[in-house]
Amino acid sequence: SLVNVVGLGYIGLPTALMLAKSGVQVVGTDLNQKLVDSLNQGKLTFQEEGLQELFDAALANGITFSTEYQKSDTYILAVPTPYIEESKKLDPKYVISAVNNVLNVCDKGAAIVIESTISPGTIDRHIRPVIEQRGYVIGEDVHLLHAPERIIPGNMIYELEHNSRTIGADNPEVGAKVKAIYETFCQAEIVLTDIRSAEMSKVIENTYRDVNIAFANELAKICRTDDIDVYEIIKIANKHPRVNILQPGPGVGGHCISVDPWFLVGDYPDLTNLILAARKINDSMPRHVLGRIRDIMRENDIKDISKIGLYGLAYKENVDDTRESPTLQLLERLDEHLAFGVKVFDPFVKERMVDHQFMNFEDFMNEIEVLVVMVGHDHIKENMDLIQDKLVLDTKNICTFEGAYKL
Ligand code: SAJ
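Residues numbered from 1 in each chain as written. Predicted model: local features only at pLDDT ≥ 70, side-chain atom pairs only at ≥ 80, totals over all residues.

## A few points about the overall build of the chain
The following threshold applies: Working definition: helices are DSSP H or I runs of at least four residues, strands are E runs of at least two. Numbering for both runs from the N terminus. For the radius of gyration, the atom set is restricted to C-alpha positions; the globular benchmark scales as 2.2 Å times the number of residues to the power 0.38. Neighbour counting defines burial: a residue surrounded by 20 or more other C-beta atoms within 10 Å of its own C-beta is buried, one with 12 or fewer is exposed, and intermediate counts give partly exposed, using backbone-placed C-beta atoms. Think of it this way: build a C-beta for each residue from its backbone, and any pair within 7 Å is a contact.
Looking only at helices and strands, one finds 16 helices and 16 strands in the chain. In terms of overall dimensions, the chain is globule-like: its C-alpha atoms have a radius of gyration of 23 Å, near the 22 Å expected for 407 residues. Considering only C-alpha atoms, the chain reaches an extent of 70 × 50 × 40 Å along its principal axes. Buried positions account for 43% of the 407 residues belonging to the chain. Partitioning the contacts of the chain with sequence separation of at least 6, the portion at a separation of at least 24 is 69%.

## Focus: the domain arrangement of the chain
Note on interface size: it is often stated as the accessible area lost on association of the parts. Note the following rule: Per the annotation, domain bounds derive from an automatic or database assignment of domains. In this classification, Asp, Glu, Lys and Arg are treated as charged, Ala, Val, Leu, Ile, Met, Phe, Trp, Tyr, Cys and Pro as nonpolar, and every other residue, Gly included, as polar.
What the domain assignment lists for the chain is domain 1 (2–193) and domain 2 (236–406). The centre of domain 1, based on its C-alpha atoms, is set 33 Å off from the matching centre of domain 2. Counted by class, the side of domain 1 that touches domain 2 contains five nonpolar, five polar and two charged residues.

## Things to note about the sheet that holds strand β10 (residues 190–193)
The condition that has to hold: When DSSP finds at least two bridges between two strands, those strands are taken to pair. A fitted line through C-alpha atoms represents every axis, and for helices the fit uses only the stretch in contact; the resulting angles, taken between N-to-C directions, go from 0 to 180 degrees.
Reading across the sheet, the eight strands line up as β3-β2-β1-β4-β7-β8-β9-β10 and stay open at both edges, with mixed pairing between neighbours. Here the strands that pair on one side only, and so sit at the sheet edges, are β3 (64–66) and β10. The sheet shows a mean angle of 25 degrees between the axes of neighbouring strands, taken without regard to direction. By the bridge criterion, five bridges tie strand β1 (residues 2–6) to strand β2 (residues 25–29) in an arrangement that is parallel. Within the sheet, the bridge partner assigned to Val6 lies in β2 and is Thr29. Sheet contacts for helix α7 (residues 172–182): β1, β4 (74–77), β7 (110–114), β8 (142–146), β9 (165–169) and β10; angle to β9, the most-contacted strand, approximately 150 degrees.

## A closer look at unusual backbone geometry
Trans peptide bonds make up most of the peptide bonds, and negative phi angles are found at most residues other than glycine. Although it is not a glycine, His356 sits at a positive phi angle of roughly 55 degrees. Within the chain, Asn397 stands out as a residue other than glycine whose phi angle is a positive 55 degrees. Within the secondary structure layout, Asn397 lies in the loop between β15 (391–394) and β16 (405–406). Of the residues examined, Asn397 has 18 C-beta atoms within 10 Å and is grouped as partly exposed.

## Considerations on the nonpolar core
Where a protein is soluble and globular, its nonpolar side chains tend to be buried together. The line we're drawing: By convention in this section, buried Ala, Val, Leu, Ile, Met, Phe, Trp, Tyr and Cys residues joined through C-beta atoms within 7 Å make up a nonpolar core.
Judged by nonpolar contacts, the single largest core of 77 residues is most densely connected at Leu77, Ile112, Val113, Leu145 and Val178. Of all the elements, helix α8 (residues 195–225) adds the most residues to this core, at seven residues. Each of domain 1 (2–193) and domain 2 (236–406) contributes no fewer than three residues to this core. Setting aside its immediate chain neighbours within four residues, Leu145 contacts Ala111, Ile112, Val113, Ile167, Gly168, Ala169, Val174, Gly175 and Val178. Judged by nonpolar contacts, the second largest core, of 32 residues, contains Ile293, Ile368, Val375 and Cys399.

## Concerning the site of the ligand
Formally: Residue proximity rests on one test: whether the C-beta atom, placed from the backbone, lies within 6 Å of the molecule or strand.
Lining the immediate surroundings of the ligand are 20 residues, of which Leu246, Gln247, Gly249, Gly254 and Cys256 lie closest. Of the residues belonging to the shell around the ligand, the class tally is nine nonpolar, six polar and five charged. Two domains each provide a minimum of three residues to the shell around the ligand, namely domain 1 (2–193) and domain 2 (236–406).

## Brief notes about the sheet that holds strand β14 (residues 370–373)
Here six strands make up an open sheet; going across it, the order is β13-β12-β11-β14-β15-β16 and the pairing parallel. Lying at the two open borders of the sheet, with one neighbouring strand each, are β13 (357–358) and β16. Strand direction decides the pairing type here: β14 and β15, joined by four bridges, are parallel. By the bridge assignment, Val370 is partnered in β15 with Leu391.

## Describing helix α10 (residues 260–267)
Asp260, Pro261, Trp262, Phe263 and Leu264 are the residues of α10 that are buried. The inward-facing, buried residues of α10 abut β5 (83–84), β6 (89–90), α8 and α11 (273–299).

## Concerning the packing of α8 against α10
What counts here: Throughout this description, any angle smaller than 35 degrees is read as roughly parallel, any larger than 145 degrees as roughly antiparallel, any in the 65 to 115 degree range as roughly perpendicular, and the remainder as oblique.
Two elements in contact, α8 and α10, have axes separated by 7 Å at closest approach and are oriented at 105 degrees. When the interaxial angle is binned, α8 and α10 end up roughly perpendicular. Contact residues: Val203, Asn206, Thr207 and Asp210 in α8; Asp260, Pro261, Phe263 and Leu264 in α10. Class assignment of the residues belonging to the contact of α8 with α10 gives a composition of four nonpolar, two polar and two charged.

## Focus: the environment of Ala110
Among the structural elements, Ala110 can be located in strand β7. The buried category is assigned to Ala110, around which 20 C-beta atoms lie within 10 Å. Along the chain, Ala110 and Arg128 lie 18 residues apart, while their C-alpha atoms are 15 Å from each other. Excluding anything up to four places from it in sequence, Ala110 contacts Ser72, Asp73, Thr74, Tyr75 and Val142.

## Here's the deal with the environment of Leu51
Its place among the elements puts Leu51 in helix α3 (residues 51–60). Residue classification places Leu51 among the partly exposed residues on the basis of 17 C-beta atoms within 10 Å. For the pair Leu51 and Phe185, spaced 134 residues apart in sequence, the C-alpha to C-alpha distance is 15 Å. Sequence-distant contacts of Leu51, defined by excluding residues within four places in its chain, comprise Pro14, Leu44 and Ile157.

What follows is the structure, given as structure tokens:
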């Protein structure tokens, strides 16, 4: 039988390709005609290690792409779930409209699997009512499931096959059927649970990481005041068998770790002191970086901010995704200080996103005196010899030469 994967972005596309490669008959659906045209012409829409090979294998196995929803008994929805900045809530509009579109074409008894990250309670509050209002009986006419994704950009293909995953279902038998579909490519354990638990576990996984990173960032600030090397402290502490502290950095970006904790804060305002504090610490890091830039300028008697170059616009290493990136946070939130032309370069980001963005590394380097490493792309790790003669603020602890300034 056919699986219709809806939403062909960072999650839906690799998932659709992986299913197709594993021999499942797949149609990928996206409302964006350009994106569908591009995929049908054999052109990928974003970069990711191993994605091209996977795409080739899926095409060879007959995957097709369309703007139309297909008649089917299994739908995997990986549509965007935007986050409303003002209210700190998730906007379920795309999931709702995808579910409506599915209902227009699906077989009786079809399984609708939501992969998109949703805030805990979204299915009960927003999705069930939509289906019921249309006169469908959930559990008879259609089945609802939540199978939150866990893959990390930069290592998606490996993780699709090797990460354990969670499937929340109302009905364990239907859960088992959907599990069998995921088992065609997922080699790790697949845990079956109920929908509420699946929603909650997904969001707390990302929240856990945010809190751990916030702890590291707070340590970085503490160590800075006494000139202690935070990386050395964390390295030593992590030798303890029950300690595992993550790395400090210029902030937490991406569409997941910096967003999901807000759902808990929004729904449980009286119970989320720790989670909220962690969010605030991570959000304060771009400002901390700015403080460090000012220290360096003062120490070296540099007055002209246009001599500062930020390396990296992506939210993390070796990806081209710039959503909520610390560099953008720094530029957007602090632009009153930086309005005078701080330079920016990222080898992965090909479109112009900010003022004074350079497309060529050499030109960028020629313009600046202080290089601020905001992202540890392999590109810069491989070009240490080209940056050593600059003043370097290394917020990612990647420099292999002596004398770089740290967070
Ligand atoms: N970061 C640090 N220090 C660290 C690790 C990360 O500052 O030690 C920063 C990164 O530089 C980046 C941000 O955190 O700005 C988030 O990056 P990430 O690599 O931690 O995570 P994401 O957002 O790319 O992916 C996360 C993953 N979740 C967890 O590891 C719990 C991934 O498995 C999820 O699938 C993804 O969120 C998602 O879509 O929810």
